[in-house]
Amino acid sequence: MKRCAVCQVHAENALCNGCQSLIQEPVNPCVICAKPLNQSNGICGECRSDPPSFIKTICAAVYEPPVSLWVQQLKFGARMDRARIMAEALLGPLNSIDNQTPIIPMPLHPKRLKSRGYNQAYEIARIISKKQNRRLFSEVLIRTKHTAMQAELHEKQRSANVRAAFAVNGEIDVNTVIVLDDVMTTGQTMRSVSKCLLKAGVKEVIGVVFARTGG
Ligand SMILES: [Zn+2]
Ligand SMILES: [Zn+2]
């Protein structure tokens, strides 16, 4: 029998309806970076004064418990069942994007990949790719700088931390790509990746994250 990954009751999907309802969708997200705002269809101050090069951010959840716990369990505790929860939560929102649009999982630096043993973004992207028949470009984007964990830094340090931390390896033969990450905090990592992809000839980057923090 299939069971809910959280409360173990019978469920066809990763979560039962009760646990599904614990996922809070973002309210009034910024149309570009999904930061929560006070009114709908707005653009946050940061996106207005310094527009990112990605066109929008699709986000399934607000980074609050229990969602934040699931994210940490996947990232630090190898709980692969959490990746399925996150992938399933993103399937609906991603239906609006043509399935010819491939997914690029946010890469980890090889050193971090080695110490963690897996890339949580890849684990989520892999499931979505299979369910929506999207190509998965998992080797095209590489992390060239072994940066500190964004969560360990103050806001001002974050931008500098991820600047020029990525490179494109080989060629990308499509105009639009999805870049998928588990969480977006300030959006600096997505900004940096997006810049790098546009330089490599991509025309449009769509950010997709399972959860978004308020900051
Ligand atoms: Zn449940
Ligand atoms: Zn914004």
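In case you missed it, the structure is sitting above this.
Cut-offs and rules
Residues numbered from 1 in each chain as written. Chains lettered and ligands numbered in written order. Predicted model: local features only at pLDDT ≥ 70, side-chain atom pairs only at ≥ 80, totals over all residues. Heavy atoms only, no water. Donors = N, O, S within 2.8 Å, 3.2 Å for Na, K, Ca; no water. Tetrahedral: all angles 85-135°; square planar, octahedral: opposite > 155°, others 65-115°. Helix = DSSP H or I, 4+ residues; strand = E, 2+ residues; numbered from the N terminus. Buried < 20%, exposed > 50% of the residue type's maximum accessible area, 1.4 Å probe, protein only. Expected span 1.5 Å × (residues − 1). Contact = heavy atoms within 4.5 Å. Salt bridge = Lys/Arg side-chain N within 4 Å of Asp/Glu carboxyl O.

**Thoughts on the coordination of the zinc ion (ligand 2)**
In step 1: Binding of the zinc ion (ligand 2) to the protein goes through C30 (SG), C33 (SG), C44 (SG) and C47 (SG), at separations of 2.3 to 2.4 Å.
In step 2: Angles of 100 to 118° at the metal separate the 4 donor atoms of the zinc ion (ligand 2), which places the site in the tetrahedral class.
In step 3: Positions of the donor residues of the zinc ion (ligand 2) along the chain correspond to the pattern C-x2-C-x10-C-x2-C. Here the residue C33 occupies a position in the loop between α1 (17–20) and α2 (45–49), and C44 occupies one in the loop between α1 and α2, the gap between them amounting to 11 residues.
In step 4: Assessed through its relative accessible area of 4%, C44 is described here as buried.

**As for helix α6 (residues 120–132)**
Turn by turn, an α-helix covers 3.6 residues, leaving residues three or four places apart pointing in a common direction.
In step 1: Compared with the 18 Å implied by 1.5 Å per residue over 13 residues, the 19 Å span of α6 between its first and last C-alpha is a close match.
In step 2: Restricting attention to buried positions, one finds in α6 the residues Q120, A121, E123, I124, A125, I127, I128, S129 and Q132.
In step 3: Buried positions along α6 lie against α3 (67–77), α4 (80–94), β2 (103–105), α5 (110–116) and β5 (176–184).
In step 4: Immediately downstream of α6, the backbone of N133 shows phi near 55°, a positive value.

**Section: the pattern of salt bridges**
In step 1: Taken as a whole and judged by the stated rule, the model has 8 salt bridges.
In step 2: A salt bridge links D182 to K75; the nearest nitrogen and oxygen atoms lie 3.5 Å apart. Of this pair, D182 sits in strand β5 while K75 sits in helix α3, and the two are 107 residues apart along the sequence. In this pair, the class of D182 matches that of K75, namely buried.
In step 3: Among the ionic pairs, R84 bridges to E88, the shortest N-O distance being 3.1 Å. Of this pair, R84 and E88 both sit in helix α4, separated by 4 residues, roughly a single helical turn.
In step 4: Among the residues examined, R84 registers a relative accessible area of 31% and is labelled partly exposed.
In step 5: A single salt-bridge network, built from bridges that share partners, covers R79, D81 and R82.

**Digging into the coordination of the zinc ion (ligand 1)**
In step 1: C4 (SG), C7 (SG), C16 (SG) and C19 (SG) make up the full set of protein donors to the zinc ion (ligand 1), lying at 2.3 to 2.4 Å.
In step 2: One can describe the site at the zinc ion (ligand 1) as tetrahedral: its 4 donor atoms subtend angles covering 106 to 116° at the metal.
In step 3: Between consecutive donors of the zinc ion (ligand 1), the numbers of intervening residues give the motif C-x2-C-x8-C-x2-C. Pair check on accessibility: C16 and C19 agree, each one buried.

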